[in-house]
Amino acid sequence: MDFSELKNTIRKEVPIQEPDFIKDDEESLNLGYMEMKATEKLIFSISTFKNKKYFSIRNWYQAESGEWARTKKGINLSFDKFEEFENFIKLFAQSIQLDK
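Residues numbered from 1 in each chain as written. Predicted model: local features only at pLDDT ≥ 70, side-chain atom pairs only at ≥ 80, totals over all residues. Heavy atoms only, no water.

1. Examining a nonpolar patch on the surface
Thinking step 1. Taken together, the side chains of I89, F92 and I96 present a nonpolar region at the surface, about 310 Å² in accessible area.
Thinking step 2. With respect to the helices and strands, the residue F92 is situated in helix α2 (residues 82-98).
Thinking step 3. Judged by relative accessible area, F92 falls into the exposed class, the value being 55%. (Patch = residues over 30% accessible without salt bridge, like charges linked within 9 Å, V, L, I, M, F, W, Y side chains within 5 Å. Areas by Shrake-Rupley, 256 points an atom, 1.4 Å probe, with all protein chains shown as cover. Salt bridge = Lys/Arg side-chain N within 4 Å of Asp/Glu carboxyl O. Helix = DSSP H or I, 4+ residues; strand = E, 2+ residues; numbered from the N terminus. Buried < 20%, exposed > 50% of the residue type's maximum accessible area, 1.4 Å probe, protein only.)

2. Quick word on the packing of aromatic side chains
Thinking step 1. By the definition in use, this model includes five aromatic pairs.
Thinking step 2. The interplanar angle of 45 degrees and the centroid separation of 4.8 Å between the aromatic rings of F21 and W68 together place this pair among those described as tilted. Note that F21 is positioned in the loop between α1 (3-13) and β1 (28-37) and W68 in strand β4 (residues 68-78), a separation of 47 residues in sequence.
Thinking step 3. When the centroid spacing of 6.4 Å and the interplanar angle of 45 degrees are considered together, the rings of F82 and F85 count as tilted. (Phe/Tyr/Trp six-rings, centres within 6.5 Å; stacked < 30°, edge-to-face > 60°.)

3. Describing the layout of surface pockets
A probe matching the size of a water molecule, rolled over the atoms, marks out where space remains unfilled.
Thinking step 1. The calculated volume of the largest pocket comes to roughly 300 Å³.
Thinking step 2. Forming the walls of the largest pocket are 17 residues, and the residues nearest its centre are S28, S45, S47, W60 and R70.
Thinking step 3. Those elements giving two or more residues to the lining of the largest pocket turn out to be β1, β2 (40-49), β3 (52-62) and β4.
Thinking step 4. When grouped by side-chain class, the residues that make up the lining of the largest pocket number four nonpolar, seven polar and six charged.
Thinking step 5. Each pocket or cavity is described by its volume, and for the second largest pocket that value is around 150 Å³.
Thinking step 6. Looking at the second largest pocket, the residues that line it are L31, G32, Y33, F44, S45, I46, F55, S56, I57, F82 and F85.
Thinking step 7. Listed by contribution, the elements that provide at least two residues to the lining of the second largest pocket are β1, β2, β3 and α2. (1 Å grid on protein atoms, 1.4 Å probe; cavity = no way out; pocket = protein on both sides within 12 Å on 5 of 7 lines; lining within 4 Å. Points joined across faces, edges and corners; volume = space filled by probe spheres on them. Nonpolar A, V, L, I, M, F, W, Y, C, P; charged D, E, K, R; others polar.)

4. Remarks on the side chain of N30
Thinking step 1. Structurally, N30 can be placed in strand β1.
Thinking step 2. Once residues lying within four places of it in the same chain are set aside, the contact partners of N30 are I16, E18, P19, I22, K23, D24, I43, F44 and S45. (Contact = heavy atoms within 4.5 Å.)

5. Digging into the pattern of salt bridges
Thinking step 1. Applying the stated rule across the entire model yields four salt bridges.
Thinking step 2. Its salt-bridge partner being K41, residue E35 comes within 3.1 Å of it at the nearest N-O pair.
Thinking step 3. K41 sits in the buried class, given a relative accessible area of 6%.

6. Some details on the pairing of β1
Thinking step 1. Pairing of β1 with β2, which is carried by eight bridges, proceeds in the antiparallel orientation. Pairing of Y33 across the sheet is with I43, part of β2.
Thinking step 2. Remark: two residues form the turn of the hairpin made by β1 and β2, two consecutive strands paired antiparallel. (Pairing = 2+ DSSP bridges.)

Rendered as structure tokens:
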């Protein structure tokens, strides 16, 4: 599926939380965010580059001007790495459950 078709399908079928403080472009779709501080958020997004699809989790901060900007902090992995990434997320979840 090409990326623009994927974006349209996601918007129709997935309950995403597109941040209103940053905008998507043709090569990305912001799926949601977590607030870390009043001026810092983690943005979850998918994107494409040279016909390859990626998912990312990236820190963004609010500058003094009020504009939001991405930082270098975060990860960007190709879709084909998601299953491996998901397995580690499951390990985090199991480990955290042991602490309850």
